[in-house]
Amino acid sequence: MVLEGNPEVGSPRTSDLRHPGNQGSCVLSPPGEDAQPGEEPIKYGELIVLGYNGCLASGDKGRRRSRLALSRRPHANGVKPDVMHHISTPLVSKALSNRGQHSISYTLSRSHSVIVEYTHDSDTDMFQIGRSTENMIDFVVTDTSPGGGAAEGPSAQSTISRYACRILCDRRPPYIARIYAAGFDASSNIFLGERAAKWRTPDGLMDGLTTNGVLVMHPAGGFSEDSAPGVWREISVCGNVYTLRDSRSAQQRGKLVENESNVLQDGSLIDLCGATLLWRTPAGLLRAPTLKQLEAQRQEANAARPQCPVGLSTLAFPSPARGRTAPDKQQPWVYVRCGHVHGYHGWGCRRERGPQERECPLCRLVGPYVPLWLGQEAGLCLDPGPPSHAFAPCGHVCSEKTARYWAQTPLPHGTHAFHAACPFCGAWLTGEHGCVRLIFQGPLD
């Protein structure tokens, strides 16, 4: 490789430099104590894609799924910044031809590029996330459309990068996980072209942002019953934290937030411009309800034999094994403006207001009338409370604290908009509060 001057040894002024050896997160057994044969690997955490309620519509298969556990690898595959080179553009292809050498290429002009070489880091494991199905991507994520499901078909233009981001997890305690924008491609390279937002740091090193950006929000108070939404930030290629750009793909970066880091916390949200992921730590998952608990709550709710206050038929939540198909005869329905639960009926339509608009026979409020479905992705729940509230207008049911948290959490949409959405199906929430308390009528006998 021909260099324009001497290579600068060092790494960009990022969290990598300020915290040597702490790229990634997630702790493992103490130094020198590896898992014994037959033992389960150490789990760093889990990523849950919002909007699928426990399983992709086509089924979870391989690396394309609604939930992925990140566990300690048999051998470390993390990398860390090593050497910076200033080179002329004709030499870029030659400099990047070594697939065994990870690097980030910053194109400053037609005649000047900067390449930062990365070296192996035996202390971290790296996991890559993106739309690409190539082998270097550990978690394949596709666009989620509002209302649940993936955007499909040749006309569906994805806004998720093929190599969207990477997470590095410490192989030793305290197993900290850190997120970085962009992932390495098949040539082990991250390429930031002339139009990408990039800059020199005060000490002459490099950093940059991806086209549509990687946004992160850490909840205030952790992901628990006392949680409150935090502030959305953008993560750079080198793991620094910035305020949001004016629009998602603007070339002007936001301001550096020096007192915040790219360390993932329990309940951190990661937005890839087309899909939003929730990070849960092993400790956080221990506090979350289990599928057995959710099933017990369903059976307990059905055992109370709620009735339709008009038709007097007994209502029952369907088994999750049946999936979200057409509602059956016992399916509970709700008027989402008032929360009164009924069985299905055909009266009260207000055709001038739309096909879903009905007048509640108990309180006369007019609004959407939808079937109720239990939220089945336990990792999205803040607490194991009873299923007492439903999101409006989709009708997914969960605990009060879970419903209120997600109803006040704005999720990125498009280039600069934010909307609260149901975490189970992705439908945008409506109404004054985004959710409603369910009012059941018990049996009359």
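What counts and how
Residues numbered from 1 in each chain as written. Predicted model: local features only at pLDDT ≥ 70, side-chain atom pairs only at ≥ 80, totals over all residues. Heavy atoms only, no water. UniProt positions renumbered as here; feature names shortened; annotations may be inferred. Phe/Tyr/Trp six-rings, centres within 6.5 Å; stacked < 30°, edge-to-face > 60°. Helix = DSSP H or I, 4+ residues; strand = E, 2+ residues; numbered from the N terminus. Buried < 20%, exposed > 50% of the residue type's maximum accessible area, 1.4 Å probe, protein only. Lys NZ or Arg CZ within 6 Å of the ring centre and 35° of its normal. 1 Å grid on protein atoms, 1.4 Å probe; cavity = no way out; pocket = protein on both sides within 12 Å on 5 of 7 lines; lining within 4 Å. Points joined across faces, edges and corners; volume = space filled by probe spheres on them. Nonpolar A, V, L, I, M, F, W, Y, C, P; charged D, E, K, R; others polar. Pairing = 2+ DSSP bridges. Core = buried A, V, L, I, M, F, W, Y, C linked by side-chain atoms within 4.5 Å.

The protein chain has the name E3 ubiquitin-protein ligase pellino homolog in an unreviewed UniProt entry, where Equus przewalskii is given as its organism. One UniProt comment on the protein chain, placed under Function (unreviewed entry), says "E3 ubiquitin ligase catalyzing the covalent attachment of ubiquitin moieties onto substrate proteins." Under the UniProt heading Pathway (unreviewed entry), the entry covering the protein chain gives this text: "Protein modification; protein ubiquitination."

Student: Mind showing me how you'd approach the packing of aromatic side chains here?
Tutor: How two aromatic rings sit relative to each other is set out by the distance from centre to centre and by the angle between their planes. By the definition in use, this model includes 13 aromatic pairs. The interplanar angle of 75° and the centroid separation of 6.1 Å between the aromatic rings of Tyr44 and Phe127 together place this pair among those described as edge-to-face. With Tyr44 in strand β2 (residues 43-49) and Phe127 in strand β7 (residues 124-130), this residue pair connects regions lying 83 residues apart in the sequence. Both residues of the pair, Tyr44 and Phe127, count as buried. Ring-pair connections join several aromatic residues into one group, and the members of that group are Trp333, Tyr335, Tyr344 and Tyr369. The aromatic ring of Trp199 is capped on one face by Arg253, whose charged end is 4.5 Å from the ring centroid.

Student: Would you mind going over empty space enclosed by the protein with me for this structure?
Tutor: Rolled over the atoms, a probe as big as a water molecule pinpoints where empty space is left. Considering all chains together, one arrives at two cavities of 30 Å³ or more under this definition. Taken as a whole, the largest cavity spans an internal volume of roughly 110 Å³. Around the largest cavity, the lining is made up of 15 residues, and of these Leu294, Gln297, Pro387, Cys398 and Ser399 lie nearest the centre. Of all the elements in the fold, those that place two or more residues in the lining of the largest cavity are α4 (291-303) and β25 (396-398). Here the residues of the lining of the largest cavity are counted per class, giving nine nonpolar, five polar and one charged. Within this model, the second largest cavity holds a volume of roughly 50 Å³. Looking at the lining of the second largest cavity, its residues break down into five nonpolar, one polar and two charged.

Student: I'm lost on the sheet that holds strand β8 (residues 139-140) in this one. Help?
Tutor: The strands making up a sheet associate through hydrogen bonds between their backbones, and the pairing can be parallel or antiparallel. Read across the open sheet, the four strands follow the order β8-β7-β9-β10; overall the sheet is mixed. Each having just a single partner strand, β8 and β10 (177-181) make up the two edges of the open sheet. For β7 and β8, the ladder comprises two bridges, and the chain directions are parallel. Bridging from a neighbouring strand, Ile129 pairs with Phe139 of β8.

Student: Which parts of the structure should I look at to understand the nonpolar core?
Tutor: In globular proteins that are soluble, nonpolar side chains generally tend to be buried together. In this structure, Ile167, Ile270 and Leu277 are the most contacted members of the largest nonpolar core, which totals 48 residues. Counting residues in hydrophobic clusters, the runner-up holds 27 residues, among them Phe223, Phe391, Ala420 and Phe424.

Student: Please clarify how the pairing of strand β18 (residues 276-280) should be interpreted in this entry.
Tutor: In the case of a regular strand, side chains alternate between the two sheet surfaces. Counting buried residues in β18 gives five out of five residues, a clear majority hidden from the surface. Side chains of β18 alternate between two faces, with Thr276, Leu278 and Arg280 and Leu277 and Trp279 buried alike. Here β2 pairs with β18 via four bridges, running antiparallel. Bridging across to β18, Leu47 finds its partner in Trp279. With three bridges joining them, strand β17 (residues 269-271) and β18 adopt antiparallel strand pairing. When the sheet's bridge partners are listed, Leu269 is paired in β18 with Leu278.

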